[in-house]
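Breakdown of the fold
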Amino acid sequence: MTTSHPHHPIAVVGAGLGGLALARVLRVHGIEAALFDLDPSPAARIQGGMLDIHDDSGQEALRAAGLHEQFLERVHSGGQAVRVLDRHATVRLAEEDDGSGGRPEIDRGDLRELLLGSLPEGAVRWGAKVMGARPLGGGRHEVTLADGTAFTTGLLVGADGAWSRIRPLLSPARPAYTGVSFVEADLLEADRRHPASAAVVGGGMLFALGAGRGFLAHRETDGSLHVYAAVEAPEDWMDGIDFGDTEAAKAAVLKEFDGWDESLRALVADADGALVPRRIHALPVGHRWDRAPGVTLLGDAAHLMSPFAGEGANLALLDGAELGLALAAHPGDTEAALTAYEERMFRRAQTAAAQSAHSAGLLFRADAPQGLLDMFTGHDG
């Protein structure tokens, strides 16, 4: 006896920014897609901090999605301000947001909400954890879920992030540790409860850098500060830290910043709530695959890179939009659409990944923050 599985002409695994952008652009062109996400609901977890959405990539995607004006209504006024400090808290660069830049800041959760709200109720199947997929021939695939159910699809899109369950259909590549670990922290109601830290961070983004170390922080729209303590360290460095004991974790992280100015150390010492460890991984620069019928990847699933060029979310949005536009432009010829999409995606991803890797080297080199200052002033070789 054969079991009949539900069939979806287009199935997107992952309802992050890229998957949602794809579904929205397809909908603009009268094409429906089914999205599957492992989170039990859209509010299941905090979506992360601020994103700078670039005029020539992320904003292009939002224009294609018909959402650009609504995006501009949600951006964080003043969020493009930048401060660069050294380990002694000496200000080496301070630029205010005059509103003329092409990289306005928005809260990731607000952007995801905008995209989700542009899709019909039920477009995303929440609590649908994909375990794997297998080709059935003719470009069709069967996808199995953690609850034991399965579905088939004529086009399978892996938009499921760094540890994609769809990537193995196309590539054996796995993300590798970049040599940098982040420990994330939040300071809530910063102007009232942490005024000194609020002044250090300013109205937008802070880079406080030294050799192999740094505090990266930004002001969020709710008035909190989101902080990343960055440490060049072995992959197992954080294994020796008990993040269940917040005070002990703070002490262990701050030990890496001995001799740094107390106003910078306070970004971790005074944090509200638990610290969150995060190892930074990346796929190889120039990651690509041979065309395989009926399946492709976008965003981090295709080209995970370190965050040091600020391109990840922008590329995911643009991938989703361009894939949607390619499918709309090639009705009835999915393979032509995927070929056109992948050729463009591979090129821009390789450029961005190389820039991300280069920027990581600049940020934490021995004379930091000089490398970043040179980049901002156009003297970076």
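Refer to the structure presented above.
Figured I'd write up the structure that's included with this text. (Residues numbered from 1 in each chain as written. Predicted model: local features only at pLDDT ≥ 70, side-chain atom pairs only at ≥ 80, totals over all residues. Heavy atoms only, no water.)

**Brief notes about the environment of Glu 311**
Mapping Glu 311 onto the fold places it in the loop between α9 (300–303) and α10 (312–329). What makes Glu 311 buried here is its relative accessible area of 18%. Excluding residues that lie within four positions of it along the chain, Glu 311 makes contacts with His 54, Ser 57, Met 305 and Ala 352. (Helix = DSSP H or I, 4+ residues; strand = E, 2+ residues; numbered from the N terminus. Buried < 20%, exposed > 50% of the residue type's maximum accessible area, 1.4 Å probe, protein only. Contact = heavy atoms within 4.5 Å.)

**Quick look at the pairing of strand β1 (residues 7–13)**
Extensive coverage of β1 is indicated by the burial of five of its seven residues. By the bridge criterion, six bridges tie β1 to strand β10 (residues 150–158) in an arrangement that is parallel. Of the residues in β10, the one forming a bridge with Ile 10 is Leu 155. For the crossover from β1 across helix α1 (residues 17–28) to strand β2 (residues 34–37), the handedness is right-handed. (Pairing = 2+ DSSP bridges. Right-handed = clockwise from strand over helix to strand, strands pointing away.)

**Examining the nonpolar core**
Membership of the largest hydrophobic core comes to 60 residues, with the highest contact counts inside it found for Val 12, Leu 35, Ile 53, Leu 111, Leu 317 and Leu 323. With residues up to four places along the chain from it excluded, the contact list for Leu 317 reads Leu 17, Gly 18, Ala 21, Ile 53, Gly 58, Ala 61, Leu 111 and Leu 115. Of all hydrophobic cores here, the second largest spans 32 residues; its members include Val 183, Val 201, Ala 217 and Leu 225. (Core = buried A, V, L, I, M, F, W, Y, C linked by side-chain atoms within 4.5 Å.)

**Considering the packing of aromatic side chains**
For the coordinates displayed, the defined rule picks out nine aromatic pairs. Between Phe 182 and Phe 308 the ring centres are 5.8 Å apart and the planes differ by 80 degrees, which places this aromatic pair in the edge-to-face class. Separated by 126 residues along the polypeptide, Phe 182 in strand β11 (residues 176–187) and Phe 308 in the loop between α9 and α10 bring together distant segments of the chain. Relative to Phe 376, the ring of Phe 207 has its centre 6.2 Å away and its plane inclined at 70 degrees; by these criteria the two rings are edge-to-face. Of the two residues, Phe 207 sits in strand β12 (residues 205–210) while Phe 376 sits in helix α12 (residues 370–376), which places them 169 residues apart along the sequence. Joined through ring pairs, the aromatic side chains of Phe 182, Tyr 228, Phe 308 and Phe 364 make up one cluster. (Phe/Tyr/Trp six-rings, centres within 6.5 Å; stacked < 30°, edge-to-face > 60°.)

**Comments concerning the sheet that holds strand β5 (residues 91–95)**
Strands sit in the order β5-β4-β12-β13-β14-β11-β15 across an open sheet of seven strands; the sheet is mixed. One side of each edge strand has no neighbouring strand; the edge strands of this open sheet are β5 and β15 (272–282). Averaged over all pairs of adjacent strands, the angle between their axes in this sheet comes to 15 degrees, without regard to strand direction. Across six bridges, the pairing between β12 and strand β13 (residues 213–219) is antiparallel. (Axes fitted to C-alpha atoms, helices over the stretch in contact; angles between N-to-C directions.)

**Structural notes on unusual backbone geometry**
The omega torsion of the bond from Ala 368 to Pro 369 falls at 15 degrees, within 30 degrees of zero and hence cis. Among the secondary structure elements, Pro 369 is positioned in the loop between α11 (334–363) and α12. Here the phi dihedral of Ala 89 falls at roughly 70 degrees; this positive angle occurs in a residue that is not glycine. Among the structural elements, Ala 89 can be located in the loop between β4 (82–86) and β5. Since its relative accessible area comes to 22%, Ala 89 is described here as partly exposed. With a phi close to 45 degrees, Glu 189 is a non-glycine residue in the positive phi region. As for its position among the elements, Glu 189 is in the loop between β11 and α5 (190–193). Taking the relative accessible area as the measure of exposure, Glu 189 reaches 44% and is therefore partly exposed.

**Brief notes about the packing of α10 against α11**
Running from amino to carboxyl end, α10 crosses α11 at an angle of 160 degrees, the nearest separation of the two axes being 8 Å. Judged on the interaxial angle alone, α11 and α10 are roughly antiparallel. The hand of the α10/α11 crossing is right-handed. Together, Leu 315, Leu 318, Asp 319, Glu 322, Leu 323, Ala 326 and Leu 327 of α10 and Thr 334, Ala 337, Leu 338, Tyr 341, Arg 344, Met 345, Arg 348, Ala 349 and Ala 352 of α11 make up the contact between the two elements. When its residues are assigned to classes, the contact of α10 with α11 shows 11 nonpolar, one polar and four charged. (Parallel < 35°, antiparallel > 145°, perpendicular 65-115°, else oblique. Left-handed = near helix turned anticlockwise from the far one by under 90°. Nonpolar A, V, L, I, M, F, W, Y, C, P; charged D, E, K, R; others polar.)

**So, the packing of α1 against α10**
The contact between α1 and α10 brings their axes to 7 Å, and the two run at 30 degrees. Relative to α10, the element α1 lies roughly parallel. In this structure, the crossing between α1 and α10 has a hand that is right-handed. The segment α1 lies against α10, with Leu 17, Gly 18, Ala 21, Leu 22, Val 25 and Leu 26 engaging Ala 313, Ala 316, Leu 317, Gly 320, Ala 321, Leu 323, Gly 324, Leu 325 and Leu 327. Looking at the contact of α1 with α10, its residues break down into 12 nonpolar, three polar and no charged.

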